[in-house]
Structure formats: structure tokens, C-alpha cells
Amino acid sequence: MSTFDDPFDPDRALSRSGCVCGQHRSAAEHQQALALRCEETTSEEKRYEGVVASAVMRAVFPQDAARRAFLKSVGASTALAALSQFFPLKTATEAFAEASPEKKDLKVGFIPITCATPIIMAAPLGFYAKNGLNVEVVKTAGWAVIRDKTINKEYDASHMLAPMPIAISLGLGAQPIPFAVPAIENINGQGITLALKHKNRRDPKDWKGMKFAIPFDYSMHNYLLRYYLAEHGLDPDTDVQLRSVPPPEMVANLRADNIDGFLAPDNICQRAIYDGAGFLHILSKEIWDGHPCCSFAASREFIATSPNSFAALTRAIVDATAYAAKAENRKQIAEAIAPANYINAPVTVLEQVLTGTYADGLGGIKTDAKRVDFDPFPWQSFAVWMLTQMKRWGQIKGDIDYKAVAEQVYLATETKTVMAEMGLTPPATAYKSFSVMGKTFDPDKPEDYLSGFKIRKAS
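Quantities reported herein were computed from a predicted structural model and do not represent experimental measurements. All residue numbers refer to positions counted from 1 along the written sequence of the respective chain. Local features in this predicted model are restricted to residues whose pLDDT is 70 or higher, and side-chain atom pairs enter the listing and the counts only when it is 80 or higher, whereas totals over whole chains, interfaces and linings include all residues. Processing note: side-chain calculations cover all non-hydrogen atoms of the structure and skip hydrogens and water entirely.

**Student:** How would you sum up the confidence of the model for the protein? Please name residues and give values.
**Tutor:** The quantity called pLDDT is the predictor's confidence in a given residue, expressed from 0 to 100. Mean pLDDT over the protein works out to 88, with 82% of the residues at or above the 70 mark. Contacts for the low-pLDDT stretch residues 1-6, under 50 throughout, to residues beyond four places or in other chains number 31 contacts. A low-confidence stretch, residues 14-42 (pLDDT under 50), is modelled with 67 contacts involving residues beyond four sequence positions or located in other chains. Here, residues are in contact when the closest pair of their heavy atoms is within 4.5 Å.

Printed below as a string of C-alpha cells:
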């Protein structure tokens, strides 16, 4: 059930269906109303009343059948009167209104890649507007620009690589500035792509001397590629060349023979295949199934000065992420994020990424529904793993309190509360073990994990 659905309509389902904004009964009706955007048809006061009533109805009647039977037997007005006797709807509505965003006009930066899907789609599909925000999502050239514009407050919040807020908070390469991550943007969704001339060099042991692009030093792409190379006996600092290249420039560099391959977001991989410049060697999920990639991040200063705006942004992103997680929504999303002001890619390319049915560049068609997936929960064990790799490759020197940093930057407790309030089911804990290329990672023993690597940067 959408936050702004009529909670006293017995024909409404409690779970999300139809229109993304909750004002129409189907996607078609929504699109007819206003080209994927919903009109404001109610006053702010009425919207707040709807939020509160929806929350109460969701709590009292978690099942559609029970709610419909109740409403059909007593009617909407009697139902509202009955609920009002047991719950102070008016007081709660006033309290909710007082928690409205301090700042409604916001700028959120993004890089044009499918990893940013929830952040981007939340604009054309109405998720920001539903939470009382007017958000301009700003297409940005590269990760260093994203970092600098967010630090300089040109952006209120931003799409960031999952390790970036950790690096910024620790002051790696600059003065430390506290940042926080309330939501992971995507899991999986990357791949290693090679130039077509290397289609007979599939064994990484044969890659000595090759040049690879990564988007940024503080990226999962960097850590996963290094991990993959090292597990095949190559030292990524001496046996190959790694170059930081903005994702939108990678395919052109591959075609120009400036690089031999890259580990990049799936839409970049698929664009190389679409353009006949490369083939997909391996999906990143084959290295670590369920790994995080990008995040939604904001400075602690923004969170402190505009807590309601930050909370509204977080709700919008979590809601959009939950919508993106459903396979039946992926084609609609591909159309919404394809235009030039967003990803600027053929819808076919984005559909191949988001639906998981795709050409591999070697004449084959493959299917993997979880090629990319969306889960907003910021597991703190993800952050601990990233810290082990930062230390492994010399980005962090000396001792580190892994869990203290993880819990400072990754807001698992806060996100758990938001997810529960939205009717989603958050994990019971913020830490979990997982496997990367067959090697189990225990977040309680990061130093043991780190000491198990033979190939690492000399301290």
C-alpha cells in the first residue's frame, strides 16, 4: 500500500501495486495522468492525514482480506471514527506535519550508471515528490567531481561508490569529513569486460602486462578486480596496469585500444557489447554474489541541519529501491532512466542489464535475473570488508577499529527503523558472513581474514 493511498478504500491492496505514486490504480492510468509524474491533487494537510491513516490501517490490518471485510461491513466513515477512538489521528497528523522537510528543494548528484537506478528513477517516477521533496538529480562527470561537489555543499546528498563515504570520513587523501550511508543503491551489477581481441585469453594468468580501467581508487570495482587478479596469482600493482577512468569514457577507451578491459557497472559492460567493442568475461556476482556497489550518502552536517529532509530522502530512496527490486518493474524503470538527462543509453541496453537477459558479446544469450539487484540495507559487515581491502592495498596504514568505523558510517539501525515503518522486513542484525571467491569472511575476525592473503601491498 502506498503511503498516500486512500487507506479506507476497500478495493485498495495493502501491498504496492499499480501506480508508483499511489494516486492511480494502474501504471497505465498513472502515465496517462502526466507522463510518469503525478499531479498534486491534495493539500499538504490531506497528504499528511493520508500518511497517518495509512500507517494505522497497515498496523491494524496487515492482511488485505481482513481490511476489505472490515471496510465493506462498516464503511469508510465508521472505520475512521472507530480508529480515531483508539488512536489520536489528529495529533499524529499534526506531529507528522511538524516533521516536514526543512528544505524541500534539493540537489542530488549521480553518475550515469545503472548502479544509481533508485536515485535516478525516484525523480521521474515520483518517489521524491511523494515524500514532499522537489529533487533535482544532477548528472555528473566523474567520482572526484561527485565527492568535491558534495563536500562543497553544491549537492545536498549524492550517489557514491560504497567505499567513498568511508574514505572521506577517514580523511584518506584529505581532511576527514564525517559522511554517512543510509542506503545501498545496488548489489551485484558489475562485470569484467575485455576487448574482443582477447576472446582467446580467458585465463587471468595470461593477463600480465594488460591495462585495465576502474572507476575510482575507493571503489568496489577496484577491490573486486584486485581480489580476482590476486586469486589467480597476479599482483595488481606490478603485473598489470590499473587506471581510473570515468565510466562514461570506458567504452571509447576500449575501442581506441587505450585499455584491454575494465571492471565496470553493467550498463557500461553491455554498451561495449552493444557497440561491438568487447565481450563480458565474468559478472561481478561470480566473484562475490550479493556484494554492494554504490550507495546513497550525505554529510553528517546535512543530516544534523536538515534531519527531516534527510529522513524524507532516505524514505524516497528506500521506497524506490524496494520497487526496483521487483522484476516486473524493471522494463518500466529502464524506460524512465534511459533519457539523455539521466543515463543516456538505448533502452535495449538498460533492459538487458535490469532484466538479466543479455548478449554476452561472444554470440551467446544469457539469463540471470540477479545480474543486478537492489537491497537498501547498509550491512555494516560490508563496510568492515571494504576496510580490510583498503588496508590490504595500502590505502590505510596502521591499526583500525573496523566496527567503530563501520557503525559510524553505515546507518544500519536508522535504516532498519525506516524499513520497518514502510512495511519492509529489515535484517535482525547488521553483520553477516559471506563468501568471496570461496573464501569466507567473518566480520568478527577482519585481521585473521586480512592475514590470509599472500598477495598484498608491502607495508
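**Student:** Lay out the nonpolar core in plain terms, naming residues and giving numbers.
**Tutor:** Among buried residues, the Ala, Val, Leu, Ile, Met, Phe, Trp, Tyr and Cys ones that are joined through side-chain atoms within 4.5 Å form a nonpolar core. Three exposure classes are used, based on accessible area relative to the maximum for each residue type with a 1.4 Å probe and protein chains only: buried under 20%, partly exposed in between, and exposed over 50%. Core analysis: the largest hydrophobic core is formed by 92 residues, its most contacted members being F262, W385 and Y410. Segments assigned H or I by DSSP are reported as helices when at least four residues long, segments assigned E as strands when at least two residues long, and all are numbered from the N terminus. Counting residues per element, this core draws most heavily on helix α10 (residues 220-231), at 8 residues. Beyond its immediate chain neighbours, meaning those up to four positions away, Y410 contacts A162, I166, V181, I184, P378, W379, Q380, F382, A383 and M386. With 44 residues, the next largest nonpolar core counts A122, L313, L354 and L411 among its residues.

**Student:** Kindly report on the pairing of strand β10 (residues 278-283), identifying the contributing residues and their values.
**Tutor:** Look at any regular strand and the pattern is simple: side chains alternate between the two faces of the sheet. Within β10, 6 of the 6 residues are buried, which leaves the element mostly enclosed by the surrounding structure. A pair of strands counts as paired when DSSP detects no fewer than two bridges linking them. As defined by bridge partners, strand β6 (residues 190-195) adjoins β10 across 5 bridges and the pair is classed as antiparallel. Each bridged residue has a counterpart across the sheet, and for G191 the counterpart in β10 is L283.

**Student:** For the sheet that holds β6, give the residues involved together with the corresponding values.
**Tutor:** Taken in spatial order, the 5 strands make up an open sheet running β8-β7-β9-β6-β10, and their pairing is mixed. Of all strands in the sheet, those bounded by a partner on one side alone are β8 (241-244) and β10. Neighbour-to-neighbour, the strand axes of this sheet turn through a mean angle of 30°, independent of strand direction. Note that β6 and strand β9 (residues 261-265) share 5 bridges and pair antiparallel. Its bridge partner lying in β9, G191 is registered against A264. Where α10 meets the sheet, its contacts fall on β6, β7 (211-214), β8, β9 and β10, and the angle it forms with β9 comes to roughly 135°. Every axis in this analysis is a line fitted to C-alpha atoms, fitted for helices over the stretch in contact. Angles between the N-to-C directions lie between 0 and 180 degrees.

**Student:** Describe the pattern of salt bridges, with residues and values.
**Tutor:** Counted as salt bridges are all cases of a side-chain nitrogen of Lys or Arg within 4 Å of a carboxyl oxygen of Asp or Glu. Enumeration according to the criterion identifies 19 salt bridges in this entry. Ionic pairing is found between R226 and D237, a salt bridge with its closest N-O pair at 3.0 Å. Here the residue R226 occupies a position in helix α10, and D237 occupies one in the loop between α10 and β8, the gap between them amounting to 11 residues. Note on R226: relative accessible area 11%, which makes it buried. Here D237 falls in the partly exposed class, since its relative accessible area comes to 31%. A salt bridge links D266 to R371, with the shortest nitrogen-to-oxygen separation between them at 3.0 Å. Of this pair, D266 sits in helix α12 (residues 266-274) while R371 is found in the loop between β13 (365-367) and β14 (372-373), placing the two residues 105 residues apart along the sequence. With relative accessibility at 0%, the residue D266 sits in the buried group. The buried category is assigned to R371, whose relative accessible area is 1%. What you see here is one network of salt bridges that share partners, running through K197, K211, D257 and D260.

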